[in-house]
Amino acid sequence: MKKVVKFGGSSLASAEQFQKVGEIIRADEGRRYVIPSAPGKRFEKDTKVTDMLYACYAKAEAKEDFSEELAAIEARYQEIIDGLGLSISLKEEFEEIARQFEAGAGKDYAASRGEYLNGRLMANYLGYEFIDPAEAVFFFDDGTFNAEKTNKALSVRLKDTQTAVIPGFYGAYDDGRICTFSRGGSDVTGSIVAKAIFADMYENWTDVSGFLVTDPRIIENPEVIETITYRELRELSYMGATVLHEDAIFPVRKEGIPINIRNTNRPDDRGTLIVESTCRRPKFTITGIAGKKGFAALNIEKDMMNAEIGFGRKVLEVFEENGVSFEHMPSGIDTMTIFVHQTEFEEHEQKIMAGIHRAVEPDSLELEADLALIAVVGRGMRSNRGVAGRIFSALAHANINIKMIDQGSSELNIIIGVRNEDFENAIKAIYDIFVTARL
């Protein structure tokens with residue numbers, strides 16, 4: 001069995017955490033390809049190495065003395081080296097980093113050094129081969145990921161490589177300059193490597209025991225989702241639920257490779273299995289609840305709207321012309337409501353409203369601000385009657401007024417709009433009716 005294992009920054013923040021990771025990898029001979037992040041926080045008020053690198057490079061870019069900041073970063077790695085009793089020295093690596101900083105190598109280069117150096121340590125600690133992503137992960141000139149070239153290069157490079165450490169988060173342009181993914185991009189690297197070697201499993205190790213049913217800042221100790229499909233995960237991630245970088249799904253999804261979210265500090269926990277499809281019945285009717293605040297709704301009313309060909313297109317063209325995207329668009333026979341991010345909309349609100357008046361001559365336009373959207377997601381909703389009714393009932397008992405409800409034809413999710421101040425209580429009410437009541 002071939003497994004790709006990615007470890008997040010909190011999993012590699014110290015020598016003690018490195019030892020936990022080493023034990024996890026050695027406990028399963030299938031864990032042959034390791035994707036490390038840069039060291040994260042060791043304690044609450046600590047600073048991530050990536051942030052230290054950004055701050056250090058900012059000084060270099062301003063032509064200020066950055067030696068003290070670079071020395072602090074070197075000390076973080078030396079602490080890990082000493083704690084593990086390794087003989088490796090990073091002295092030459094830091095001398096090269098200093099030269100590159102002085103030469104203006106760029107922010108992407110600076111940020112990537114956290115993963116690069118941690119990869120060097122991890123390869124030395126495990127006795128695995130080190131592979132620099134700058135030689136096998138490629139980007140186009142506009143900074144977008146070159147999936148085809150990368151897959152070919154990694155497939156060839158790893159074909160006869162039994163064990164390897166490939167740092168996450170970065171790659172290179174064709175001319176060799178370093179380019180990074182967005183923050184959290186080590187998840188993407190792991191997925192890319194899993195695709196290239198046709199892995200049986202991609203294990204993503206972090207500081208939580210899987211994907212939670214809802215936000216632990218709202219519900220204390222929410223249940224862990226045992227199995228979730230890629231589609232369900234996309235719906236929840238879109239609405240703000242974050243454990244895995246959303247772009248990490250695509251490479252493995254195409255190959256049917258499952259992702260297992262695991263906890264480095266609790267390795268015996270099964271975590272969450274992310275799959276394309278499954279016969280496994282979900283533990284609850286719903287899989288998860290996620291949401292965001294900060295939306296506005298523009299309500300458009302016009303008699304016989306449904307008979308006016310091109311009405312919706314004309315309305316959306318006004319938003320497009322003003323560079324504003326919409327989130328949801330529930331409609332009735334004579335009404336249409338456009339939900340948008342409030343901060344994005346505020347700057348253009350008067351132009352958009354005037355544009356809609358000119359485009360479709362509505363009978364009325366009403367604007368409502370300070371709204372939140374909540375997604376209730378679950379493959380089990382298809383085979384259970386009355387899900388929407390139970391949501392309405394739970395919110396009514398909590399004295400919460402529903403501003404909007406939108407259900408996709410797939411019956412995979414229901415989107416509910418409420419006022420910002422009702423957001424947390426709405427999630428608690430929905431969680432209680434579908435999860436707490438079933439425990």
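Fair warning: this is a prediction, and the values are worked out from it, not measured in the lab.

With that settled, consider the overall build of the protein chain. Looking only at helices and strands, one finds 14 helices and 15 strands in the protein chain. By the compact-globule yardstick of 22 Å for 439 residues, the protein chain fits well, its C-alpha radius of gyration being 25 Å. Split into buried and exposed, the 439 residues of the protein chain put 52% on the buried side. The contacts of the protein chain with a sequence gap of at least 6 include a subset with a gap of at least 24, amounting to 74%.

Let us look at the sheet that holds strand S14 (residues 404-407). The strand order S12-S11-S13-S15-S14 describes an open sheet built from five strands, whose pairing is antiparallel. At either margin of the open sheet sits one strand with a lone partner, and together these are strand S12 (335-341) and S14. Across the sheet, the mean angle separating the axes of adjacent strands is 35° when strand polarity is ignored. Across seven bridges, strand S11 (residues 288-301) lies against S12 in antiparallel orientation. Across the sheet, the residue bridging to Ala297 is Phe339, located in S12. Its contacts with the sheet place helix H8 (residues 230-238) against S11, strand S13 (364-377) and strand S15 (413-419), and it is angled at close to 65° to S11. Against the sheet, helix H12 (residues 349-360) touches S11 and S13, its axis set at about 110° to S13.

Turning our attention to the side chain of Thr189. In this structure, Thr189 sits in helix H7 (residues 186-196). Among residues more than four places away in sequence, those in contact with Thr189 are Ile35, Pro167, Gly168, Phe169, Tyr170 and Phe181.

For the rest of this paragraph, the subject is unusual backbone geometry. The residue Asn221 is not glycine, and still its phi comes out positive at about 50°. Note that Asn221 resides in the loop between strand S7 (201-206) and strand S8 (227-229). A relative accessible area of 66% places Asn221 in the exposed class.

We now examine the pattern of salt bridges. Under the definition given, this model contains 29 salt bridges. A salt bridge links Lys149 to Asp174; its shortest N-O distance comes to 2.7 Å. Here Lys149 is found in helix H6 (residues 147-158), whereas its partner Asp174 is found in the loop between strand S5 (170-172) and strand S6 (178-180), with 25 residues between them in sequence. A salt bridge links Arg419 to Glu368, with the nearest nitrogen and oxygen atoms 3.2 Å apart. Of this pair, Arg419 sits in strand S15 while Glu368 sits in strand S13, placing them 51 residues apart in sequence. Residue classification places Arg419 among the partly exposed positions, given a relative accessible area of 26%.

Relative to the elements of secondary structure, Phe169 occurs in the loop between strand S4 (164-165) and S5. The spacing of Phe169 and Gly114 is 55 residues in sequence and 9.5 Å in space, taken between C-alpha atoms. Beyond its immediate chain neighbours, meaning those up to four positions away, Phe169 contacts Tyr54, Ala111, Ser112, Glu115, Cys179, Thr180, Phe181, Ser182, Arg183, Gly185, Ser186 and Thr189.

Now for the nonpolar core. One finds Val4, Leu158, Ile391 and Ile430 to be the most contacted residues of the largest nonpolar core, which totals 74 residues. Contact partners of Val4, with chain neighbours within four places excluded, come to Tyr33, Ile35, Gly190, Val193, Ala194, Ile197, Ala199, Met201, Tyr202 and Glu203. Counting residues in each nonpolar core, the second largest holds 44 residues, with Ile80, Leu86, Ile88 and Phe101 among its members.

This paragraph deals with the environment of Glu424. Here Glu424 lies in helix H14 (residues 423-434). Residue class for Glu424 comes out partly exposed when judged on its relative accessible area of 28%. Measuring from C-alpha to C-alpha, the distance between Glu424 and Gly291 comes to 9.5 Å, with 133 residues separating the pair along the chain. Each residue touching Glu424, except ones within four places of it in the same chain, is listed here: Ile218 and Lys293.

Its place among the elements puts Gln17 in helix H1 (residues 15-26). Gln17 sits in the buried class, given a relative accessible area of 10%. Within the structure, Gln17 has its side chain in polar contact with the side chain of Asn265 (distance 3.2 Å). Filtering out sequence-adjacent residues up to four positions away, Gln17 remains in contact with Ser10, Ser11, Leu12, Thr264 and Asn265.

This next bit is on the pairing of strand S9 (residues 259-263). The element S9 is extensively covered by neighbouring structure, given that five of its five residues are classed as buried. Residue alternation in S9 divides its side chains into two sets, Ile259, Ile261 and Asn263 and Asn260 and Arg262, and both sets are buried. Across five bridges, S7 lies against S9 in parallel orientation. Residue pairing in the sheet places Tyr202 in a bridge with Ile259 of S9. For S9 and strand S10 (residues 272-275), the ladder comprises three bridges, and the chain directions are antiparallel. The partner of Ile259 across the bridge, within S10, is Ile274.

The subject of this paragraph is the packing of helix H3 (residues 67-84) against helix H5 (residues 107-126). Packed helix pairs are characterised by how far apart their axes lie and by the angle those axes make with each other. For the pair H3 and H5, the least separation of the axes is 11 Å and the interaxial angle reads 10°. When the interaxial angle is binned, H3 and H5 end up roughly parallel. For the pair H3 and H5, contact is made by Tyr77, Ile80, Ile81 and Leu84 and by Arg113, Gly114, Leu117, Asn118, Leu121 and Tyr125, respectively. Here the residues of the contact of H3 with H5 are counted per class, giving seven nonpolar, two polar and one charged.

Our next topic: H3. The end-to-end C-alpha distance of H3, which contains 18 residues, comes to 26 Å, matching closely the 26 Å that a straight helix rising 1.5 Å per residue would cover. Burial in H3 covers these residues: Leu70, Ile73, Arg76, Tyr77, Ile80, Ile81 and Leu84. For H3, the buried positions fall inside an angular range of 135° around the axis, keeping them on one side. Seen from the open side of H3, the exposed residues pointing more than 90 degrees away from its buried face are Glu68 and Asp82. On its buried face, H3 is in contact with H1, helix H2 (49-61), helix H4 (91-102) and H5.

Calculation notes
- Residues numbered from 1 in each chain as written.
- Predicted model: local features only at pLDDT ≥ 70, side-chain atom pairs only at ≥ 80, totals over all residues.
- Heavy atoms only, no water.
- Helix = DSSP H or I, 4+ residues; strand = E, 2+ residues; numbered from the N terminus.
- Rg over C-alpha atoms; globule rule 2.2 N^0.38 Å.
- Buried < 20%, exposed > 50% of the residue type's maximum accessible area, 1.4 Å probe, protein only.
- Contact = heavy atoms within 4.5 Å.
- Pairing = 2+ DSSP bridges.
- Axes fitted to C-alpha atoms, helices over the stretch in contact; angles between N-to-C directions.
- Salt bridge = Lys/Arg side-chain N within 4 Å of Asp/Glu carboxyl O.
- Core = buried A, V, L, I, M, F, W, Y, C linked by side-chain atoms within 4.5 Å.
- Polar contact = N/O pair within 3.5 Å; in protein donor to acceptor, adjacent residues only side chain to side chain.
- Parallel < 35°, antiparallel > 145°, perpendicular 65-115°, else oblique.
- Nonpolar A, V, L, I, M, F, W, Y, C, P; charged D, E, K, R; others polar.
- Expected span 1.5 Å × (residues − 1).
- Arc of directions from axis to C-beta.

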